Amino acid sequence: MLEISGTPGNCWYAPGVSETLDDLEERINALRREIRQAVRARESVLARSLRAELRSAERAWDQALAVHEPVYEPGDETGGEPGHGTAHGPGRESAHERGDRHEAPGSLVPVREQVHQALTLLGVPAAAKMIVAVHAALRAGSLKGAQLASLRRDEERSFRTSPFARPYYLCAALTDRLSASRGLLAVSTWPLEQRVVGPLSPRVDFLTTAIRVAEHIMRMVGAGEQAPPSAQRLLSRLAHNIPGAAPETGRYGRGAGLHLVDAGTARGGPEAGALVVDGFPGSDPATVVKAARAELEVHAAADTAARAEIAGRARDRLQDAERLFGGTVLGLARKEASR
Amino acid sequence: MDRLDRLRGPVPPRPHDARAIAALAANPGCARRAVLDAAGVDKDATAAHLGYPAPFGQSPFAITRGNAFESLVKESGCAELLRLLRELLGLPIPLAAYTDLGDVGGNPSAQVRHSHTRKLLDKAARDSDDAGTLYDHPLLRLEIAGHSAYLEPDVVAFRLGGRFHIVEIKSFAVVDGQAEPDKVAAAARQAAVYVLALMNTLEELGHDPRRVSHEVVLVCPENFANRPAATLVDVRPQLAVLRRQLARMARVGAIVDELPPELTFDLAPDADGVPTRPVAELREAVRGVDARYAPDCLSTCDLCFFCRDEASAEGSTDLLGRQVRDALGGVATVTEALGLADGSLTPGEGQEEIARLLRLADRIYAEVG
């Protein structure tokens, strides 16, 4: 576990969110309002998670007051790499033990925060399964798939009740038809181009995911840390489906003539042989990054154009809430009209 | 088609799914099944009312396993599938587009989805460069005896070099390059239904139906791991059987015409949907159409237990499986076969050869025993 630098006692709450005392008070009020509405609507799950948020917000307020300092300010949260390799970042809260908190580390941070961390690391819209896998592998988190099931709906309800009250929302990725893409989660602070899904975007997002995971492992190794085996396993799984990234590159290119990366480069490298996961040769992060970039280049132009086109349409036609959570109502109305 | 409506009774016809259509092809000689399916009779309810409910349908565990494997293959924009297709068919790297045809903006009715599928397939067939590669959740339509059945290949149709391929994802394992022949055959039959539906769709749209490949990509877990592997399966024989069977269903009129005009399989359900028709009467009605029972029916037909019971009551050689029945050509019942074997029965015309073989077998058994 890492030691915490900076101001102890207040940095565990809401990493990636900068809030002053005024903000916190406003937020506590907003949360109380939301809880009241949730209770009235008999949304017990939502109410419970909001209560947890409220408690952490109150705690953060206490601590912020105690030290007369603004709460922990992270870096740019859209930057995609919230302080790995340093003592910042959400992984280290567990090291900070207070007398009143003896729970498992993962449960301290609300689910939406954990999802936000994973998504920020990836920088692309991702399915619940991938978010859970990335969080488990790189953050040692205890996220469960079922916890994510109603997340997007809850976020949408919260947004529609009081728009833009939260610093970010976990929202939908938009498809070609401007509706919410099935199962994909994204962050509202991302530019629209990053959140739309064109025909090539699933592949591009997959390759980007692999690059981000590989880079994260490289940063960990660079900081003198041992990448956890789960992270290596995740990387190997991703690399397996990228031509030239998996250790046995020989299987690729047969018939297809695909040699984006030399088999020599892929196999070679003195450290490549040293990587062993579960008795199998693991993937070398640098090779994965190189191979994924090579394929990414092939798709980049077409994908960017498609994304720009969809994003442009979304800007023209959708209202704020629909832009974040998908324009199903609009789609239906159009269909009714065309009948 | 009035006649078929009368056979079914005043209930809406049962829609066909790919499994049911594939099962038709499995036993093309069964008139009972052909008539009941053409009329869209609810065979499950009929069997239950007759007192032979079939514990039919896939096990929930198998369904869960199948879905989990399918989602693994389709994960992250079909990342696994792309790898397999690149290895197997040499799919070029730039062809990686993934289109979800299931997404129609919040209106999931079959018509809307089908017309969306048609539109995109038409576009794909027209321009060869710009169109997508993988199409997930397409909804195809196949005309079965005057009714249209909507088919959803759990499967992805993809385009390579101007040809469409059907991808069938199945969760049975291929161990050391070998899979259970029954399962492969069933998968091939099911895939053939999709191939045929896709061919018809292209033909309706004015494209050459031969642009649908008769080679289906079968994706299964490899060996004892969960890693998917792909193989090409030629479904031409299954396609031929299916075409013949569907044509036969279209001409089911000929079989129906020979049936007594008052015949009906109406269950006469009351307001709560509980069948009120006397069981004996229904039994007679169902017996009115000849069945050809085979042991494989147990895995494909709702009426299997009824037909099996009927076959065993008659002492029919059908019970012993297709091979035995074919070997005993011209001998209808087990008693007759035994009679010929021990010589107590004189062989009729054309039975001399089979009688000689049966007697030989009987002598060998007697000597060994």
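What you are looking at is a predicted structure, and each value in this text was computed from that prediction instead of being measured.

The rules behind these values
- Residues numbered from 1 in each chain as written.
- Chains lettered and ligands numbered in written order.
- Predicted model: local features only at pLDDT ≥ 70, side-chain atom pairs only at ≥ 80, totals over all residues.
- Heavy atoms only, no water.
- Helix = DSSP H or I, 4+ residues; strand = E, 2+ residues; numbered from the N terminus.
- Buried < 20%, exposed > 50% of the residue type's maximum accessible area, 1.4 Å probe, protein only.
- Contact = heavy atoms within 4.5 Å.
- Areas by Shrake-Rupley, 256 points an atom, 1.4 Å probe, with all protein chains shown as cover.
- Core = buried A, V, L, I, M, F, W, Y, C linked by side-chain atoms within 4.5 Å.
- Pairing = 2+ DSSP bridges.
- Axes fitted to C-alpha atoms, helices over the stretch in contact; angles between N-to-C directions.
- Salt bridge = Lys/Arg side-chain N within 4 Å of Asp/Glu carboxyl O.
- Expected span 1.5 Å × (residues − 1).
- Arc of directions from axis to C-beta.
- Right-handed = clockwise from strand over helix to strand, strands pointing away.
- pLDDT = per-residue confidence, 0-100.
- Phe/Tyr/Trp six-rings, centres within 6.5 Å; stacked < 30°, edge-to-face > 60°.
- 1 Å grid on protein atoms, 1.4 Å probe; cavity = no way out; pocket = protein on both sides within 12 Å on 5 of 7 lines; lining within 4 Å.
- Points joined across faces, edges and corners; volume = space filled by probe spheres on them.
- Nonpolar A, V, L, I, M, F, W, Y, C, P; charged D, E, K, R; others polar.
- Bend = angle between axes of the 7 residues up to and from the residue.
- Patch = residues over 30% accessible without salt bridge, like charges linked within 9 Å, V, L, I, M, F, W, Y side chains within 5 Å.
- Lys, Arg positive; Asp, Glu negative; His and termini not counted.
- Charge placed at Lys NZ, Arg CZ, Asp CG, Glu CD.

Secondary structure assignment for chain A yields 13 helices and five strands. For chain A, buried positions account for 50% of its 339 residues. For chain A, the share of sequence-separated contacts (at least 6 apart) that also reach a separation of at least 24 residues comes to 68%. Counting every atom, chain A has about 15700 Å² of accessible surface; 55% of that belongs to carbon and sulfur.

Check the secondary structure of chain B and you find 14 helices and eight strands. With 369 residues in all, chain B has 48% of them scored as buried. For chain B, contacts bridging at least 24 residues in sequence account for 64% of all contacts bridging at least 6. When the accessible area of chain B is evaluated, it comes to approximately 17300 Å², of which 54% is carbon and sulfur surface.

Core analysis: the biggest nonpolar cluster contains 52 residues, and A:Val115, A:Leu119, A:Ile131, A:Leu148, A:Val213 and A:Ile242 have the highest contact counts within it. Residue contributions to this core peak at eight residues, all from helix H8 (residues 201-222) of chain A. Residue contacts for A:Ile131: discarding those within four places in its chain leaves A:Val115, A:Ala118, A:Leu119, A:Ala126, A:Leu143, A:Leu148 and A:Leu185. Core analysis: the second largest hydrophobic core is formed by 39 residues, B:Leu120, B:Leu140, B:Ala191 and B:Leu239 among them.

Residues and elements named next belong to chain A. Ordered by their spatial adjacency, three strands build an open sheet running E1-E3-E2, and the pairing between neighbours is antiparallel. Each end of this open sheet is capped by a strand with a single partner; those strands are strand E1 (126-127) and strand E2 (170-174). Pairing between E1 and strand E3 (residues 180-187): two bridges, direction antiparallel. Pairing of Ala 126 across the sheet is with Leu 185, part of E3. Contacts from helix H4 (residues 111-122) reach E1, E2 and E3, with the element oriented near 90° to E3.

Our focus in this paragraph is the pattern of salt bridges. Under the definition given, this model contains 34 salt bridges over all chains. With its nearest N and O atoms 2.8 Å apart, the salt bridge here joins B:Arg83 to B:Glu80. One end of the pair is B:Arg83 and the other is B:Glu80, both in helix H5 (residues 60-89) and three residues apart, which spans about a single turn. What you see here is one network of salt bridges that share partners, running through A:Glu34, A:Arg112, A:Glu155 and A:Arg166.

With that settled, the discussion passes to helix H14 (residues 352-368) of chain B. Quick reminder: α-helices carry 3.6 residues per turn. Residues three or four places apart thus point the same way. Residue and element names in this part refer to chain B. Between the first and last C-alpha of H14 there are 24 Å, a value that for 17 residues agrees with the 24 Å anticipated at 1.5 Å per step. Every buried residue of H14 is accounted for by Ile 354, Ala 355 and Leu 358. Along the axis of H14, the buried positions cluster into a sector of 100°, meaning they face one direction only. Opposite the buried face of H14, by more than 90 degrees, sit the exposed residues Arg 363, Glu 367 and Val 368. Buried positions along H14 lie against helix H12 (322-327) and helix H13 (334-341).

Residue and element names in this part refer to chain B. The buried count for strand E7 (residues 215-221) comes to six of seven residues, which makes it a mostly enclosed element. Inspection of the sheet shows strand E6 (residues 163-169) paired to E7 by three bridges, in the parallel sense. Bridged to Val 167 within E7 is Val 217. Traced from E6 through helix H7 (residues 181-204) to E7, the parallel crossover comes out right-handed. Two strands pair when backbone bridges link them, and E7 and strand E8 (residues 228-234) are joined in this way by seven bridges, in the antiparallel orientation. In the sheet register, Val 217 faces E8, and the bridge partner there is Leu 232. With antiparallel pairing between neighbouring strands as the criterion, E7 and E8 make up a hairpin whose turn holds six residues, including Asn 223 at a positive phi of roughly 50°.

All right, on to the confidence of the model for chain B then. All names here are of chain B. Of all residues in chain B, 92% attain a pLDDT of 70 or more, and the chain-wide mean is 81. Here strand E5 (residues 156-160) stands out as the least confident element of chain B, with mean pLDDT 69; E7 is the most confident, with 90. Across the interfaces of the predicted complex, the ipTM metric reaches 0.72, alongside a pTM of 0.68.

Now for the packing of aromatic side chains. All names here are of chain A. This structure, assessed with the given rule, holds four aromatic pairs over all chains. With a centroid separation of 5.1 Å and an interplanar angle of 85°, the aromatic rings of Phe 159 and Tyr 169 are classed as edge-to-face. Note that Phe 159 is positioned in helix H6 (residues 151-161) and Tyr 169 in the loop between H6 and E2, a separation of 10 residues in sequence. Using a relative accessible area of 2% as the deciding quantity, one classes Phe 159 as buried.

This next bit is on the environment of B:Gly330. All names here are of chain B. Take Gly 330: it is sitting in the loop between H12 and H13. Counting along the chain gives 21 residues from Gly 330 to Gln 351, while the straight-line C-alpha distance between them is 6.8 Å. Aside from chain neighbours lying at most four places away, what touches Gly 330 is Glu 336 and Gln 351.

Turning next to empty space enclosed by the protein. Under the definition given, this model contains three cavities of 30 Å³ or more. Taken together, the residues of the lining of the largest cavity break down into six nonpolar, two polar and two charged.

Moving on, we get to H5(B). Residues and elements named next belong to chain B. The end-to-end C-alpha separation of H5 is 34 Å, well short of the 44 Å expected for 30 residues at 1.5 Å each. The sharpest bend along H5 reaches about 115° and sits at Gly 77. Where H5 ends, the next residue or the one after it, Gly 90, has phi of about 65°, a positive value.

This brings us to the environment of A:Ala246. Residue and element names in this part refer to chain A. Take Ala 246: it is sitting in the loop between helix H9 (229-240) and helix H10 (263-267). Here the alpha-carbon distance between Ala 246 and Ala 291, two residues 45 residues apart in the chain, equals 9.2 Å. Residue contacts for Ala 246: discarding those within four places in its chain leaves Ala 239 and His 240.

With that settled, the discussion passes to a negative patch on the surface. All names here are of chain A. A surface patch of negative charge is lined by Asp 22, Asp 23, Glu 25 and Glu 26. Along the chain, the position of Glu 26 falls in helix H1 (residues 21-40). Under the relative-accessibility criterion, Glu 26 is labelled exposed at 59%.

Turning our eyes to something else, we now look at unusual backbone geometry. The phi torsion at A:Arg42 lies on the positive side, around 55°, for a residue other than glycine. Structurally, A:Arg42 is set in the loop between H1 and helix H2 (44-67). Located in the positive-phi region is B:His137, a residue other than glycine, with phi close to 50°. Tracing the backbone shows B:His137 in the loop between strand E2 (134-136) and strand E3 (140-144).

With that settled, the discussion passes to the confidence of the model for chain A. All names here are of chain A. In the predicted model, chain A carries a mean pLDDT of 72, and the fraction of residues at 70 or more is 68%. When the criterion is pLDDT under 50, residues 1-18 qualifies, and its contacts beyond four places in sequence or with other chains add up to 51 contacts. Low confidence marks residues 69-106, where pLDDT is under 50. Its contacts with residues over four positions away, or in another chain, come to 72 contacts.

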